[in-house]
Amino acid sequence: MPLETKLTARLIEVFSAIQGEGLNVGTRQLFIRFALCDLRCKFCDSANTWGVPPQCRIERTPGERDFETHLNPVPGSLLLKWVERQNQPGLHDSITLTGGEPLLHAPFLVEFLPLLRQSTQLPIYLETGGHRPEQLAMVLPFLDLVGMDIKLKSVSGEDRGQAHAEFLQFCHQASVEVFVKLIVDRHTDPAELEQAARLVTAVNPQIPVFLQPVTPLKESNPRLLVPAPEQILAWQALMKRTLASVRVVPQTHKMIGQL
Ligand code: SF4
């Protein structure tokens, strides 16, 4: 299929793996990981995405980790070919756009996603920091599911309250399925969880919320500690006062050696 766009993508990697977080946990995903992030979360496990590397790595065969390297930026037509090569019949449940922050590439996505959908016939799932509503509005028509973070200042160091509220509202108004992920650690301030619960409830109390205990990064941030069992139980109960679905799910892909 001819690719009309002349835009290019700045990538980290393309690979096939098992989704370890959120509503799609356990499903097989074709991941497109974009470069660049404008946040600096203390728990970030993808600090290699903050800038644009000279090269990206592209898996040739799904799950084989037989990466080849290519120069950044990458023409959209090439990216589409790489995805088509990975898209074996029946294997993937959807395509995950991840990063970094994929919405920093909104002009590219607006042109690329319709072609991606047409070519693969797969649902498109966006993983995002949930803080760029203007860019979200540009790509919402091409998305099937959005997994957005609400950053808790006590854990991430970031505070994007108003932007998160607007972002969630946009998803709801567009009737695009959305869930919210909150990373929690031992220092989480319950008042921030209450605030997040109010934010979600005000849009729709049925929106699923995931509490994700932080995965400790012993080398880079020894202050990140997994919450105590009683903390998790108390926080889930607190949020369930107003929200229909609050699940606690750690990063399962880290437990089974996935990327
Ligand atoms: S938004 Fe994601 S990629 Fe960016 S700093 Fe936070 S955890 Fe890292």
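The structure reproduced in this document is the subject of the present report. Here the structure is a predicted model, which means the values were calculated and not measured.

Here is what the cut-offs are and how they apply
Every chain begins its residue count from 1, and numbering advances along the sequence as written. Per-residue local features are limited, in this predicted model, to residues with pLDDT of at least 70; the limit for side-chain atom pairs, both in listing and counting, is 80 or more; totals at the level of whole chains, interfaces and linings are taken over all residues. With hydrogens and water stripped out, all remaining heavy atoms of the structure feed into the side-chain values. At least two DSSP bridges between two strands are needed for those strands to be called paired. Numbering goes from the N terminus for both helices and strands, where a helix is a DSSP run of H or I of at least four residues and a strand is a run of E of at least two. In this description, a line fitted to the C-alpha atoms serves as the axis of each element, helices being fitted only across the stretch in contact, and the angle between N-to-C directions of two axes falls anywhere from 0 to 180 degrees. Salt bridge, as used here: a side-chain nitrogen of Lys or Arg that lies within 4 Å of a carboxyl oxygen of Asp or Glu. Whether a residue is buried, partly exposed or exposed follows from its accessible area with a 1.4 Å probe, protein chains only, as a fraction of its type maximum: under 20%, in between, or over 50%, in that order. Here the nonpolar core consists of buried residues drawn from Ala, Val, Leu, Ile, Met, Phe, Trp, Tyr and Cys, with membership extended through side-chain atoms lying within 4.5 Å. Whether two residues are in contact is decided by their heavy atoms, any of which lying within 4.5 Å being enough. Any residue with a heavy atom lying within 4 Å of a molecule or strand is counted as near it. Amino acids are sorted into nonpolar (Ala, Val, Leu, Ile, Met, Phe, Trp, Tyr, Cys and Pro), charged (Asp, Glu, Lys and Arg) and polar (every other residue, Gly among them). Any angle between 65 and 115 degrees counts as roughly perpendicular, while under 35 counts as roughly parallel, over 145 as roughly antiparallel, and the rest as oblique. Each crossing gets its hand from how the near helix is turned against the far one by less than a right angle, where anticlockwise is left-handed and clockwise is right-handed. Note on handedness: a clockwise path from strand one over the helix to strand two, with the strands aimed away from the viewer, defines a right-handed crossover. A 3.5 Å cut-off defines polar contacts: any pair of N or O atoms within that distance qualifies, except that in protein one atom must be a possible hydrogen donor and the other a possible acceptor, and neighbouring residues in sequence count only when both atoms are side-chain atoms.

**With respect to the sheet that holds strand E3 (residues 28-34)**
Here is step 1 of the chain: Strand order in the open sheet made by the 10 strands is E5-E4-E2-E3-E7-E8-E9-E10-E11-E12, with mixed pairing throughout. One side of each edge strand has no neighbouring strand; the edge strands of this open sheet are strand E5 (67-71) and strand E12 (246-248). Taking the axes of each pair of neighbouring strands and ignoring which way they run, one obtains an average angle of 20° across the sheet.
Here is step 2 of the chain: One ladder, built from five bridges, connects strand E9 (residues 145-149) with strand E10 (residues 177-184); its direction is parallel. Paired with Met 148 across the two strands is Val 180, which belongs to E10.

**Details of the pattern of salt bridges**
Here is step 1 of the chain: One pass over the full model with this rule turns up 13 salt bridges.
Here is step 2 of the chain: Across the salt bridge formed by Asp 38 and Arg 132, the nearest N and O atoms sit 2.8 Å from each other. One end of the pair, Asp 38, is in the loop between E3 and strand E4 (55-59); the other, Arg 132, is in the loop between strand E8 (124-128) and helix H3 (133-139), and 94 residues separate them in sequence.
Here is step 3 of the chain: When its relative accessible area of 24% is taken as the criterion, Arg 132 is described as partly exposed.
Here is step 4 of the chain: Through salt bridges with shared partners, a single network forms among Glu 21, Asp 149, Lys 151 and Lys 181.

**Side note on the nonpolar core**
Here is step 1 of the chain: Within the largest apolar cluster, 65 residues are counted, with the highest numbers of intra-cluster contacts made by Leu 11, Ile 32, Leu 79, Leu 97, Leu 143, Val 146 and Met 239.
Here is step 2 of the chain: The element contributing the most residues to this core is helix H2 (residues 106-120), with seven residues.
Here is step 3 of the chain: Other than its neighbours up to four places away in sequence, Val 146 contacts Tyr 125, Leu 126, Thr 128, Leu 136, Leu 140, Phe 167, Cys 171, Val 176, Glu 177, Val 178 and Phe 179.
Here is step 4 of the chain: Listed in part, the five residues of the second largest apolar core include Tyr 125, Phe 179, Phe 210 and Val 249.

**Considerations on the environment of Trp 82**
Here is step 1 of the chain: The topology assignment puts Trp 82 in helix H1 (residues 76-86).
Here is step 2 of the chain: Sequence separation between Trp 82 and Gly 129 is 47 residues; the distance between their C-alpha atoms is 26 Å.
Here is step 3 of the chain: Beyond its immediate chain neighbours, meaning those up to four positions away, Trp 82 contacts Leu 11, Ile 58, Glu 68, His 70 and Val 74.

**Comments concerning the site of the ligand**
Here is step 1 of the chain: As a matter of local geometry, the ligand sits amid Cys 37, Leu 39, Arg 40, Cys 41, Phe 43, Cys 44, Thr 49, Trp 50, Gly 100 and Lys 151.
Here is step 2 of the chain: The residue inventory of the shell around the ligand, partitioned by class, reads six nonpolar, two polar and two charged.

**Some thoughts on the packing of helix H5 (residues 161-173) against helix H6 (residues 190-203)**
Here is step 1 of the chain: The N-to-C vectors of H5 and H6 enclose an angle of 25°; their axes lie 9 Å apart at closest approach. Taken together, H5 and H6 sit at an angle that is classed as roughly parallel. The crossing of H5 and H6 is right-handed. Across the interface between the two elements, Gly 161, His 164, Ala 165, Leu 168, Gln 169 and His 172 of H5 pack against Leu 199, Val 200 and Val 203 of H6.
Here is step 2 of the chain: Its residues placed into classes, the contact of H5 with H6 shows five nonpolar, four polar and no charged.

**Description of the pairing of strand E7 (residues 94-98)**
Here is step 1 of the chain: In terms of residue burial, E7 counts as a mostly covered element, since five of its five residues are buried.
Here is step 2 of the chain: Taking every second residue as pointing to the same face, both faces of E7 are buried, with Ser 94, Thr 96 and Thr 98 on one and Ile 95 and Leu 97 on the other.
Here is step 3 of the chain: With five bridges joining them, E3 and E7 adopt parallel strand pairing. In the strand pairing of E7, Arg 33 is matched with Thr 98.
Here is step 4 of the chain: Looking at chain direction, E7 and E8 are connected through three bridges and run parallel. Within E8, the position partnered with Thr 96 by the bridge is Tyr 125.
Here is step 5 of the chain: Chirality of the crossover, the property in question, places the unit of E7, H2 and E8 among those that are right-handed.

**Looking at the environment of Met 138**
Here is step 1 of the chain: You can see Met 138 is positioned in helix H3.
Here is step 2 of the chain: The spatial distance from the C-alpha of Met 138 to the C-alpha of Val 110 is 6.7 Å, given a sequence separation of 28 residues.

**Some points on the environment of Lys 181**
Here is step 1 of the chain: Looking at the secondary structure, you find Lys 181 in strand E10.
Here is step 2 of the chain: The exposure class of Lys 181 is buried, given its relative accessible area of 13%.
Here is step 3 of the chain: Counting along the chain gives 160 residues from Lys 181 to Glu 21, while the straight-line C-alpha distance between them is 8.8 Å.
Here is step 4 of the chain: In contact with Lys 181, not counting residues within four places along its chain, are Glu 21, Met 148, Asp 149, Ile 150, Phe 210 and Gln 212.
Here is step 5 of the chain: A polar side-chain atom of Lys 181 sits 2.8 Å from a polar atom in the side chain of Glu 21.

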